[in-house]
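# Close look at the chain arrangement
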Amino acid sequence: MVPFVGAFVLLAGLVSTFSQDGELEATKTGPWGKIEYFETILEPTIPGFVYQRIQQLETIWKFGQTDQSGVSDLLQEIGIPSDLIDELCTEGRWFRDSTGLAVVVPDSLISELTMDQRTALYPRVYNQEALTHLSFNIQRGNLDYLTSDLPRADVERIRSFLFRREKALSLIDVGPLLRSYPDFKDVQRVYNSLVRVQGLVAQLRVCPEEDLSSIINYWSANGKNPNVADFLEEVTGSSRTAIDLFHLLPPVPKRYLNTYPKISASNYQDAIDCWWTAINFFNPDPSPRLLDPLPLSYFLERGFERVQPPYQFGDLILLYGTDGQDKQFLVHAYNHVADEIVFSKNGKGNVQPWILIRESDVLSLYAYTETKKLVFRRKPSASKLLPSSL
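Position numbers for residues count from 1 along each chain, tracking the sequence in the order it is written. Side-chain atom pairs in this predicted model are given and counted only at pLDDT of 80 or more, local residue features only at pLDDT of at least 70, and totals for whole chains, interfaces and linings cover all residues. The side-chain values count all of the structure's non-hydrogen atoms but skip hydrogen atoms and water molecules.

### Notes on the packing of aromatic side chains
So the rule is basically this: For Phe, Tyr and Trp, where Trp contributes only its six-membered ring, two rings pair if their centres lie within 6.5 Å, and the inter-plane angle classes them as stacked under 30 degrees, edge-to-face over 60, or tilted in between. Secondary structure follows DSSP: runs of H or I at least 4 residues long count as helices, runs of E at least 2 residues long count as strands, and numbering of each begins at the N terminus. Partly exposed residues are those whose accessible area sits between 20% and 50% of the maximum for their type, while under 20% is buried and over 50% is exposed, using a 1.4 Å probe and protein chains only.
For the coordinates displayed, the defined rule picks out 18 aromatic pairs. Between Tyr122 and Phe163, the ring centres sit 5.1 Å apart and the planes meet at 70 degrees, which makes this aromatic pair edge-to-face. Here Tyr122 is found in helix H5 (residues 115-125), whereas its partner Phe163 is found in strand E9 (residues 163-165), with 41 residues between them in sequence. A single burial state applies to Tyr122 and to Phe163, both of which are buried.

Printed below as a string of structure tokens:
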């Protein structure tokens, strides 16, 4: 019998489902030891007002400094049928804002578009920020983990609203999709499936013959995670031991692992993001300064240094994309844990939890752009100074 030192993770905040969804797998053996893990599905508990507000979201296409005739030419070029173009011209609600010409698009038109038409059109009518913050990106481009318990008709309806952003499979027409269901229970069921997240439950396997000092050195991260040494020495002994990774995390990721931000009527679309999560990894308490509108370089210059592989526990990974004009922008930030496992909050929204996840699965969510990875390590001297000095 192998003893297992498990974690009691508080999921009551906003998690209604937390279940094993895959076979037990293992990482390579390294300085971290050997980690076994299985996939799990997390699903938040959604307050009723959120469904109503999502259903009320209008679809707005923006065409910049052009006129309605130019819009018709663009849609014809993309291959939109003439009857749908006529419908947009007559049934759409046209207006101008600071960006130029825009239109509120009828749901009936959106439901008639094909995936190829959406794929060609949406980069022309949504800017990069809108595509990033309004889209659901499907992990691995595979709907199965989202829709495993839905009727086939629902799965096909969801699929009919999808489009591709480079290598990512995405959904932005959530409002029209949900409004296509007259029954509110159907709306709840479908939206709940869309916000499911696939993460990992992982454990460190320690054998008596292994070099415990090497494992302790890895997880203590050169003193930035000081409490782990005594814990590992206490729970490991003459028998093989499996330790939930929850116990090896620093205070901030331990507090948030497998939980969701609280949803309220005032902040349901705005929450702590990936950058706040990644930079706070080794902080004893979350730094309130990290919510200030300060540039990224401010924090990196004061507390971090650029590093190359092999990466260490807690290293800060920044994922940069390009806008097609050789201008880089920050796509995502997360922390290296061990081998292929990382700690991440994949989005700013309240329906995005803090999870352990394979790095390849993180990259699949951001495959809408060519990405470059830069990795930074917290300076030992910054482990205590960062919260107060920033």
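### Here we look at unusual backbone geometry
Following Pro309, the chain continues into Pro310 via a peptide bond in cis, with omega recorded as 0 degrees. As for its placement among the helices and strands, Pro310 is situated in the loop between strand E13 (304-306) and strand E14 (316-322). Positioned with a positive phi, Asn222 is a non-glycine residue whose angle comes to about 55 degrees. Mapped onto the secondary structure, Asn222 falls in the loop between helix H11 (212-220) and helix H12 (228-235). For Asn258, which is not a glycine, the phi torsion comes out positive at approximately 60 degrees. By the element assignment, Asn258 lies in the loop between helix H13 (251-256) and helix H14 (274-279). Of the residues examined, Asn258 reaches a relative accessible area of 4% and is grouped as buried.

### Thoughts on the environment of Ser98
Relative to the helices and strands, Ser98 is located in the loop between strand E6 (93-97) and strand E7 (100-104). Spatially, the C-alpha atoms of Ser98 and Gly64 are 8.9 Å apart, while their sequence positions differ by 34 residues.

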